[in-house]
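Breakdown of the fold
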Amino acid sequence: MKKARIAVAGCGWWTQGWHLPHLARNPDAEICALIEPSKVLQSTLNPDIEQIGKLAERYSVPAFDSVDEMLADVGPENIDGVLVASTHATHFDISSKALKAGVNVFCEKPMCTDPEEARVLAAIAEDCGLLFMVNNTANWRDNTIRATEIVQRGGGGLGDVEHVNCYMGSPLLWLFDDPANVGWVKPTGTMTGNGFGWGQLSHTLSWVFQVTGLIPKSVFAHMHFSKRSGADLYDSATILCSNGATVSVQGVATLPGKNPVASKQITNQVFGSEGFIEYSGDDQDPSSGSLLLRRHDGSTETHGSFLFENYEQEGIGPESLCAFVDGCRGDSNVWNGCNAEIGLRTVVTIDAMYKSATTGLAVEV
């Protein structure tokens, strides 16, 4: 089977530290082009960030200023996939153009930050029939797949989903409280707010919508903002879903410590008419939890250990990226843990959280 030829859009600190090395080490992948509109790459998170010319030389590939230029020069027939890791506000433009050209897309989270763009992108992804993945890495973990299967089981599982309780605590005060981290704390394009919601709760909400299948209907939220950066550091929201189920979501950016040494706290509980599942723990300690199903009939199931986000720098990348590479090589059975529809539900929910926190009113999505 051929190697997957992947073009990478957005060459910032995360791409240089994770995506590009992962793809370069994967024997089934080949980096075929870089796209970076910035003439000078800068990062407060990596003062030694390499410039695009040096990156192109390092990986022996051409570099382009735009996805249009890349598609015209390389030709979509010579590209199997585009990895979109550019700034949030550019995700829609790059992803939609790649899909329309007939190229699979792997988009960093969040899928985009504008609800209307998210709706259009989801429609394009559905119509074109190509592979579209949003890189919420927790959704590709084995126990996320098992949790989805338990919910889909209905009878004998947890029955009809009625309520979800979820919490994420992250040691990211250093990131969201610093005004210099503009991309993480200041809105760009049509973004409504920026901070912990877009930067972190996108992981939790994507997991919830993937596992439960719930569709958000309205959102009421409160937020507490950093006095230094203006970013949200504490988020609290209640989500009403189309089937009448409710979701309570809490987010905290101020756990002591700093990644990658410190870890995140995750609590995901899904309550149904026949029981509940819990998937909670420390995201850097697999022994800290497991997937637990407890039913009203007294039966229980326990599966595996606790694994949530995958941000390991070594190896060939998270399960999500490996699945995308396999899909680009022609494997039609890869698990898609976060497709465009799940990405859409996440985007409209977070956007509504920021609007509700501003107006003090519930927001329809």
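The structure contained in this document is the topic of the report that follows. From a predicted model like this one, the values you see are computed outputs, not experimental measurements.

Of regular secondary structure, the protein possesses 11 helices and 15 strands. A compact globule built from 365 residues would reach a C-alpha radius of gyration of about 21 Å, and the protein, at 20 Å, matches this within 12%. For the C-alpha atoms alone, the extent of the protein along its principal axes is close to 60 × 50 × 40 Å. Residue burial in the protein is summarised as follows: out of 365 residues, 56% are buried. A separation threshold of at least 6 residues defines the contact pool for the protein, and within that pool the share at least 24 residues apart is 70%. Looking at the protein as shown, the accessible area adds up to about 14,700 Å², and 51% of this sits on carbon and sulfur atoms. Of the charged side chains in the protein, 25 are positive and 43 negative; the average position of the first set lies 2 Å away from that of the second.

The subject of this paragraph is the sheet that holds strand E2 (residues 29-35). Strands sit in the order E3-E2-E1-E4-E5-E6 across an open sheet of 6 strands; the sheet is parallel. Strand pairing shows two members of the sheet lacking a second neighbour, strand E3 (63-64) and strand E6 (132-134), which therefore form its edges.

Attention shifts here to helix H5 (residues 115-128). In this model, H5 (14 residues) spans 20 Å end to end at C-alpha, consistent with the 20 Å of a helix rising 1.5 Å per residue. Three or more residues of H5 are buried, namely Pro115, Ala118, Leu121, Ala122, Ile124 and Ala125. On the buried face of H5, the contacting elements are helix H4 (91-100), E6 and helix H11 (340-359). Directly after H5, the chain includes glycine 129, whose backbone phi takes a positive value near 70°.

Moving on, we come to the pattern of salt bridges. Per the stated rule, a full pass over the model turns up 15 salt bridges. Measuring nitrogen to oxygen at the nearest pair gives 3.2 Å for the salt bridge that ties glutamate 30 to arginine 5. Here glutamate 30, found in strand E2, pairs with arginine 5, found in strand E1 (residues 4-9); they are 25 residues apart in sequence, far enough to count as distant. With a relative accessible area of 26%, arginine 5 lands in the partly exposed category.

Basis of the calculations
- Residues numbered from 1 in each chain as written.
- Predicted model: local features only at pLDDT ≥ 70, side-chain atom pairs only at ≥ 80, totals over all residues.
- Heavy atoms only, no water.
- Helix = DSSP H or I, 4+ residues; strand = E, 2+ residues; numbered from the N terminus.
- Rg over C-alpha atoms; globule rule 2.2 N^0.38 Å.
- Buried < 20%, exposed > 50% of the residue type's maximum accessible area, 1.4 Å probe, protein only.
- Contact = heavy atoms within 4.5 Å.
- Areas by Shrake-Rupley, 256 points an atom, 1.4 Å probe, with all protein chains shown as cover.
- Lys, Arg positive; Asp, Glu negative; His and termini not counted.
- Charge placed at Lys NZ, Arg CZ, Asp CG, Glu CD.
- Pairing = 2+ DSSP bridges.
- Expected span 1.5 Å × (residues − 1).
- Salt bridge = Lys/Arg side-chain N within 4 Å of Asp/Glu carboxyl O.

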